[in-house]
Amino acid sequence: MSFTYKARRLPRDPGPAAWHEILPPSKSYPPLDEDITCDWLVIGAGFAGLSAARRLRQLRGGDRVVVIDATFIGQGPAGRNSGFMIDLPHDVSSDQYTSSLDKDLWQINLNRQAIAFAKDVAEEFNLPQETVDAQGRVNGAVTENGLHHNAEYADHLTRLGEPFEHLDAQAMAELTGSRFYTAGLYMPGTVLLQPAQYIRGLAEGLADHVALYEKTPALTMTKKGQDWQVATPHGKITTPKIILAVNGHAESFGFFKGRLMHVFTYASMTEAMTSDQIKALGGQKRWGITPSDPMGSTVRKISGVGGDRIIIRNRWSYDPSMEVSDARIAAYGRDQDKGFARRFPMLNDLKMEYRWTGRLCLSFNSVPAFGEVDDGIIAACCQNGLGTAKGTLSGIAAAELATRSNSPIADDLLKADPPSKLPPQPLAWIGATASIKWREWKGRAEI
Ligand SMILES: Cc1cc2nc3c(=O)[nH]c(=O)nc-3n(C[C@H](O)[C@H](O)[C@H](O)COP(=O)(O)OP(=O)(O)OC[C@H]3O[C@@H](n4cnc5c(N)ncnc54)[C@H](O)[C@@H]3O)c2cc1C
């Protein structure tokens with residue numbers, strides 16, 4: 001008897017992959033067009049999948065590792081986020097970002113291992129300096145509500161024994177060029193990624209030892225004796241072990257059914273600034289602001305290969321279909337324009353060049369969807385909105401678990417409860433949408 005898992009839907013990435021678009025053309029990888037065998041198949045080439053592939057290469061240098069992705073590497077969610085690789089507690093589903101002291105200490109320790117891995121990748125593959133930029137981040141506050149959030153977060157950091165620095169309005173203006181912020185909380189441990197450059201750089205670094213295929217969706221996975229046979233549109237892959245690194249699309253194969261929340265958040269990136277605009281803005285060359293209220297706007301100023309640009313991200317939606325319309329991207333883009341105009345009145349002639357959205361996967365109890373889900377299939381999914389760090393960790397841990405290596409990270413991830421069951425639809429949709437709208441309304445001044 002053979003059992004088949006069938007992908008009920010395949011990923012669709014709405015809007016352009018801006019971080020990728022601003023880079024010079026790079027190496028591309030062919031779609032699979034023949035039947036092959038391998039020792040390890042990694043499905044999904046985001047943070048989780050590529051980290052798993054690198055760890056497999058380190059642990060099993062002589063083995064044949066294959067990575068497939070349904071779309072183009074660096075253009076899926078891993079290459080279309082805001083690039084904050086955060087060490088500290090940053091639970092986007094909590095009003096304060098934080099959890100209990102024990103849980104937060106546990107998460108900080110894990111996140112720092114992910115950051116060390118990314119720094120190591122940058123060094124090993126000689127990535128440009130702005131790809132993995134260890135410059136910290138600031139929780140920017142605008143209103144009394146924002147100041148209150150920052151004060152609570154600072155208290156929590158003190159209890160955790162973590163360093164931070166209060167910035168006043170003048171210091172915020174010196175950093176960002178904007179007089180919009182009344183205060184900020186600087187935390188040194190965050191790394192700012194150029195996410196597409198990181199993902200592409202990691203893939204390219206691995207390509208000598210790992211076979212990579214783009215535009216190669218896994219359509220079915222069928223158990224045949226000791227092996228799995230994975231069908232893609234133009235070739236089959238036979239392998240004993242699969243690392244499933246597709247984040248929320250685990251549910252598309254039937255895993256964690258009714259337990260994963262498919263959420264989107266929205267962003268816009270300006271065109272490259274002229275030297276006059278750079279002068280008019282002032283401030284530092286590169287910086288990253290996370291909002292003091294989790295529903296506010298994330299803003300980054302970047303400078304490097306793609307020019308000097310500003311990226312602003314806000315708004316959330318819960319879409320169990322995992323699809324979002326272009327009309328929604330345009331509508332929420334108007335909120336990014338408003339947030340931008342309030343912060344940067346001196347740049348009123350700087351236009352947005354790209355607008356997009358991307359999938360996140362959350363669980364109700366903020367835990368990963370991690371571990372062996374069938375004989376030889378290890379899931380490294382559900383990054384709870386912080387996939388740069390948590391995806392990296394789950395990829396490392398999946399490779400260590402699959403090779404039965406000593407793995408403190410896998411041991412830690414396996415201690416978590418499984419993702420809890422969501423209420424049936426449409427109740428889950430009504431509840432989640434009402435909660436997002438209410439929280440966005442409360443935090444609207446920080447957008
Ligand atoms: C606008 C935005 C801003 C964000 N900002 C941040 C941030 O600042 N910091 C942070 O930590 N996180 C952020 N995130 C979240 C982050 O992008 C995700 O958590 C992260 O990409 C998850 O990594 P992953 O490797 O698990 O999954 P993904 O990056 O989703 O990679 C999974 C891959 O699997 C592929 N796939 C799916 N199904 C199949 C199939 N059947 N066959 C083959 N391949 C398949 C997909 O094409 C995809 O490339 C943001 C997200 C968005 C959209």
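Check the entry above for the structure.
Read on for a plain summary of the structure. (Residues numbered from 1 in each chain as written. Predicted model: local features only at pLDDT ≥ 70, side-chain atom pairs only at ≥ 80, totals over all residues. Heavy atoms only, no water.)

### Regarding empty space enclosed by the protein
In this approach, a probe sized like a water molecule rolls over the atoms, and the result shows the empty space that is left. Here the structure, examined in full by the defined rule, presents 2 cavities of 30 Å³ or more. For the second largest cavity, the calculated volume is near 110 Å³. Contributing to the lining of the second largest cavity are 16 residues, with Glu130, Gln194, Ile302, Ser303 and Gly304 lying nearest its centre. A breakdown of the residues in the lining of the second largest cavity according to their chemical character gives 6 nonpolar, 6 polar and 4 charged. (1 Å grid on protein atoms, 1.4 Å probe; cavity = no way out; pocket = protein on both sides within 12 Å on 5 of 7 lines; lining within 4 Å. Points joined across faces, edges and corners; volume = space filled by probe spheres on them. Nonpolar A, V, L, I, M, F, W, Y, C, P; charged D, E, K, R; others polar.)

### Some remarks on the packing of aromatic side chains
Using the criterion set out here, one finds 9 aromatic pairs in the structure. With centroids separated by 4.8 Å and ring planes inclined at 80°, the aromatic side chains of Phe3 and Tyr5 adopt a geometry described as edge-to-face. Since its relative accessible area comes to 48%, Phe3 is described here as partly exposed. With a centroid separation of 5.9 Å and an interplanar angle of 15°, the aromatic rings of Trp438 and Trp441 are classed as stacked. Within this pair, Trp438 and its partner Trp441 are both found in helix H11 (residues 427-442), separated by 3 residues, close to a single helical turn. Under the relative-accessibility criterion, Trp438 is labelled partly exposed at 49%. (Phe/Tyr/Trp six-rings, centres within 6.5 Å; stacked < 30°, edge-to-face > 60°. Buried < 20%, exposed > 50% of the residue type's maximum accessible area, 1.4 Å probe, protein only. Helix = DSSP H or I, 4+ residues; strand = E, 2+ residues; numbered from the N terminus.)

### Details of the environment of Leu41
Mapping Leu41 onto the fold places it in strand S3 (residues 40-43). Linking Leu41 and Lys442, residues 401 residues apart in sequence, is a C-alpha distance of 45 Å. For Leu41, the contacting residues outside a window of four places in its chain are Val66, Ile68, Val230, Ile237, Thr239, Lys241, Ile242 and Ile243. (Contact = heavy atoms within 4.5 Å.)

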